[in-house]
Amino acid sequence: MVVAFNVTGSEQGEWSVLQVSGELDLVTSPVLRQRVHDVVAEGRHRIVLDLSEVYFCDSSGVGVLIAVRRLVRSCRGRLRLILPAQGAAEGSHVNRVLGALGVRRLFEVHADLDSATDEEAGPLSA
């Protein structure tokens, strides 16, 4: 079964939102990296990655997320991730992988788009 990887973009106030779906792996992670680089090159430094529809993430995907964090921070920007709450049945794979590797604490994680684009909202606890 072949499942399409897709990254779509939109704007939510001052935030650039990239909705990611499918598998984030060795083959697809360069696509996400390039999309983020394109957004940053346009001068957009507040980025939300909606990973709620990513059902598989390998070490390449984690590496890209860490590289994206480094890029955004180097521009004095902000990066927020949307991940389902811990224990959610669908779409929680990325949450579990980041937690298992001990890198989830590096990211500002939010439950939904409204929270991720709200300046007053705090991230979910690691």
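Heads up: these notes are all about the structure in this document. A quick note: this is a predicted structure, and the numbers were derived from the prediction, not measured.

## With respect to the overall build of the protein
Here is step 1 of the chain: The secondary structure content of the protein amounts to four helices and five strands.
Here is step 2 of the chain: Its helices and strands in sequence order give the protein the pattern β-β-α-β-α-β-α-β-α, from N to C terminus.
Here is step 3 of the chain: The buried share among the 126 residues of the protein stands at 44%.

## Some remarks on the sheet that holds strand 1 (residues 6–12)
Here is step 1 of the chain: If you walk across this open sheet you meet the five strands as 1-2-3-4-5, and the pairing is mixed. Every interior strand has two partners, whereas the edge strands, strand 1 and strand 5 (108–110), have only one. Taking each pair of neighbouring strands and ignoring which way they run, the sheet shows an average axis angle of 25 degrees.
Here is step 2 of the chain: Direction of pairing for strand 4 (residues 78–82) relative to strand 5: parallel, over a ladder of three bridges. Bridge pairing links leucine 81 to valine 109 in strand 5.
Here is step 3 of the chain: Set on the sheet, helix 2 (residues 59–74) makes contact with strand 2 (15–24), strand 3 (46–57) and strand 4; between it and strand 3 the angle comes to about 175 degrees.

## Comments concerning unusual backbone geometry
Here is step 1 of the chain: Phi angles above zero are rare outside glycine, and arginine 76 is one such case at about 60 degrees.
Here is step 2 of the chain: As for its placement among the helices and strands, arginine 76 is situated in the loop between helix 2 and strand 4.
Here is step 3 of the chain: Given a relative accessible area of 78%, arginine 76 falls into the exposed group.

## Considerations on the nonpolar core
Here is step 1 of the chain: Within the largest apolar cluster, 29 residues are counted, with the highest numbers of intra-cluster contacts made by Leu32, Val36, Leu49, Leu51, Leu65 and Leu98.
Here is step 2 of the chain: Of all the secondary-structure elements, those providing two or more residues to this core are strand 2, helix 1 (29–41), strand 3, helix 2, strand 4 and helix 3 (93–101).
Here is step 3 of the chain: If one sorts the elements of this core by residue count, helix 2 sits on top with six residues.
Here is step 4 of the chain: Among all residues touching leucine 98, those that are not within four sequence positions of it are Val62, Leu65, Leu81, Leu83, Val103, Arg104 and Phe107.
Here is step 5 of the chain: Core analysis: the next-biggest nonpolar cluster, separate from the first, contains five residues, Trp15, Val17, Val48 and Ile82 among them.

## Digging into the environment of isoleucine 82
Here is step 1 of the chain: Note on placement: isoleucine 82 falls in strand 4.
Here is step 2 of the chain: When the C-alpha atoms of isoleucine 82 and leucine 49 are compared, they prove to be 6.2 Å apart, with 33 residues separating the residues in sequence.
Here is step 3 of the chain: Aside from chain neighbours lying at most four places away, what touches isoleucine 82 is Val48, Leu49, Asp50, Leu51, Ser52, His110, Ala111, Asp112, Leu113 and Ala116.

## As for the pattern of salt bridges
Side chains bearing opposite charge may pair, as long as their charged atoms lie close to each other.
Here is step 1 of the chain: Taken as a whole, this structure holds four salt bridges when the rule is applied.
Here is step 2 of the chain: For the salt bridge of glutamate 14 with arginine 46, the shortest nitrogen-to-oxygen distance reads 3.8 Å. Residue glutamate 14 is found in the loop between strand 1 and strand 2, and its partner arginine 46 is found in strand 3; the two are separated by 32 residues along the sequence.
Here is step 3 of the chain: Taking the relative accessible area as the measure of exposure, glutamate 14 reaches 57% and is therefore exposed.
Here is step 4 of the chain: A residue is classified by how much of its surface remains accessible, and arginine 46, at 25% relative accessible area, is partly exposed.
Here is step 5 of the chain: Here arginine 78 ties to glutamate 108 by a salt bridge, and the two come within 3.2 Å at their closest N and O atoms. With arginine 78 in strand 4 and glutamate 108 in strand 5, this pair connects stretches of sequence that are 30 residues apart.
Here is step 6 of the chain: Among the ionic contacts, a cluster of salt bridges with common partners joins Arg78, Arg80 and Glu108.

Thresholds applied
Residues numbered from 1 in each chain as written. Predicted model: local features only at pLDDT ≥ 70, side-chain atom pairs only at ≥ 80, totals over all residues. Heavy atoms only, no water. Helix = DSSP H or I, 4+ residues; strand = E, 2+ residues; numbered from the N terminus. Buried < 20%, exposed > 50% of the residue type's maximum accessible area, 1.4 Å probe, protein only. Pairing = 2+ DSSP bridges. Axes fitted to C-alpha atoms, helices over the stretch in contact; angles between N-to-C directions. Contact = heavy atoms within 4.5 Å. Core = buried A, V, L, I, M, F, W, Y, C linked by side-chain atoms within 4.5 Å. Salt bridge = Lys/Arg side-chain N within 4 Å of Asp/Glu carboxyl O.

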